[in-house]
Amino acid sequence: MAQVSSISNEQSPTAKSITLKILRYNPKHDESSQFMEFDVQYEKWTTVLDVILDVKKYFDHSVAVRYSCRQATCGSCGMIINGKPKLACFTKISELNSNVVTVEPMKNFPVIRDLAVKFEKLFDSHQKIKPYLIRDDTELVSDEKEFLQTPKEVEQYIQFANCIKCGLCNSACPTMATDSSFVGPQALAQAYRYVADSRDKGKDSRLKMIDDSHGIWRCHFAGSCSQVCPKGVDPAMGIQLLRGYMLGFSS
Amino acid sequence: MPQDEHREGIGGMINPTRYGIERVAYLLMRLSGLGLLAYFVAHIYETSNILRGQVGWNEFLELTQTTGGHIFLAIVIAMCVFHTVNGIRVMLGHGGVGVGKPARPDYPYDPASQNYRHKIGIYSSIVLAAVATMYGLAVMFGE
């Protein structure tokens, strides 16, 4: 432990105290990572991101954390909180039921510094599955001016369109833990999202990309990706449905 | 900390404590698969003893009549039953069977793929493996 600090002034009467442990590591300077401890105050509504920002404000401004929207929309503040991947802005201290809150950078992503990780591979995999509608024609010149869908057709993929690319699913995946070539649940679920879209005509090129030993066949349906998804995307379902389609179980 | 990739590694892959019974089933499936592979190799070696004639064959068979041999075979029964029953569940899941249907998710976002059918399948595999093992032990030690 490198440091113990606490806020001693201006305590709210309803505030409680916890110990926040932050894993610090700068690959450019440090030989190894180490935890730093901070005693911080929290209210019923305080999120993990709030207390990390308190630490930056009052104790150590050099703590590196990526965040933006603070409302589980941008997908920037994913990290390991008490051992599980979560969004820091979407996790309240009070719901953790612990006097010690440990935050670490997401697993299976290279660390930039402290809690900030590189997303290049996630975005590369996402880009490889062609995350856009593929058609020969375009709605800009079509007489109908838009590609109409029934509510039933929308339901086939809308759940998977909620993905915010936070990377929590890739961090929880047991295959990602050991296979650096695996496409990952995020990209596979997005492949299903576009394959299931009735407007899309690029199914063959997408399936060709994921029909690989390090692609969809490497998923073992452990389901951890779905358990940690903060937006209810359920990547495990999308992957199994897509695999069922490729195996001929469904049309 | 391996900073180049920062992967969890095998330790993270086999940690069954964080993601519920599905991850426990994942670990047991892998362990039983490796165990059965090892048994398959050992079984080939065991049956090859027949080349040593009846005496050699009987000598080796005596190993399975010991307490250790019985426990070993009981573990093989457990692995075999669990891997078979859970394997059927996983194969159906891989085919998209029983994983739910896509729908607009409502908070708190219970994943449909982790539904009661799969949980029943996992618990059934564990219970059936335990029952088969107990039956096997009763037969072997009841002689």
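See the structure printed just above.
Quantities reported herein were computed from a predicted structural model and do not represent experimental measurements. (Residues numbered from 1 in each chain as written. Chains lettered and ligands numbered in written order. Predicted model: local features only at pLDDT ≥ 70, side-chain atom pairs only at ≥ 80, totals over all residues. Heavy atoms only, no water.)

Participant: How do you make sense of the overall build of chain A when you look at a structure like this?
Facilitator: Along the backbone of chain A there are eight helices and eight strands. Counting every position in chain A, which comprises 251 residues, the buried fraction comes to 53%. Sequence separation of at least 24 residues holds for 64% of the intrachain contacts in chain A that already meet a minimum separation of 6. With 31 positive and 29 negative side-chain charges, chain A shows a separation of 1 Å between the mean positions of the two kinds. (Helix = DSSP H or I, 4+ residues; strand = E, 2+ residues; numbered from the N terminus. Buried < 20%, exposed > 50% of the residue type's maximum accessible area, 1.4 Å probe, protein only. Contact = heavy atoms within 4.5 Å. Lys, Arg positive; Asp, Glu negative; His and termini not counted. Charge placed at Lys NZ, Arg CZ, Asp CG, Glu CD.)

Participant: Just to check I follow, could you spell out the interface of chain B and chain A for this structure?
Facilitator: Interface size is commonly expressed as the accessible surface area that is lost when the partners come together. Counting residues at the interface gives 37 residues for chain B, matched by 52 residues for chain A. Of the roughly 3,700 Å² buried between chain B and chain A, counting both surfaces, carbon and sulfur atoms make up 59%. Considering only the side of chain B, the residues that lose the most area to chain A are Arg7, Tyr19 and His94 of chain B, jointly responsible for 20% of the buried surface there. Here chain B and chain A share zero salt bridges between them. Along the contact surface separating chain B from chain A lie 16 residue pairs in polar contact (both at pLDDT 80 or more). Mapped onto the side of chain B that touches chain A, the elements with two or more residues apiece are helix H1 (9–13), helix H2 (20–48) and helix H4 (67–94) of chain B. With five residues, H2 of chain B is the largest single contributor of residues to the side of chain B that touches chain A. (Buried area = accessible area lost by both parts, 1.4 Å probe. Salt bridge = Lys/Arg side-chain N within 4 Å of Asp/Glu carboxyl O. Polar contact = N/O pair within 3.5 Å; in protein donor to acceptor, adjacent residues only side chain to side chain.)

Participant: I tried to follow the packing of H2 of chain B against helix H5 (residues 116–141) of chain B on my own but got confused; where do I start?
Facilitator: How two helices sit against one another is set out by the angle between their axes and by the gap between those axes. Residue and element names in this part refer to chain B. Between H2 and H5, the least distance of the axes is 10 Å, while the angle of their chain directions is 45 degrees. For the element pair H2 / H5, the angle class is oblique. For the crossing formed where H2 meets H5, the hand is left-handed. Contacts between H2 and H5 involve Ile21, Glu22, Ala25 and Leu28 on the former and, on the latter, Lys119, Ile122, Tyr123 and Ile126. (Axes fitted to C-alpha atoms, helices over the stretch in contact; angles between N-to-C directions. Parallel < 35°, antiparallel > 145°, perpendicular 65-115°, else oblique. Left-handed = near helix turned anticlockwise from the far one by under 90°.)

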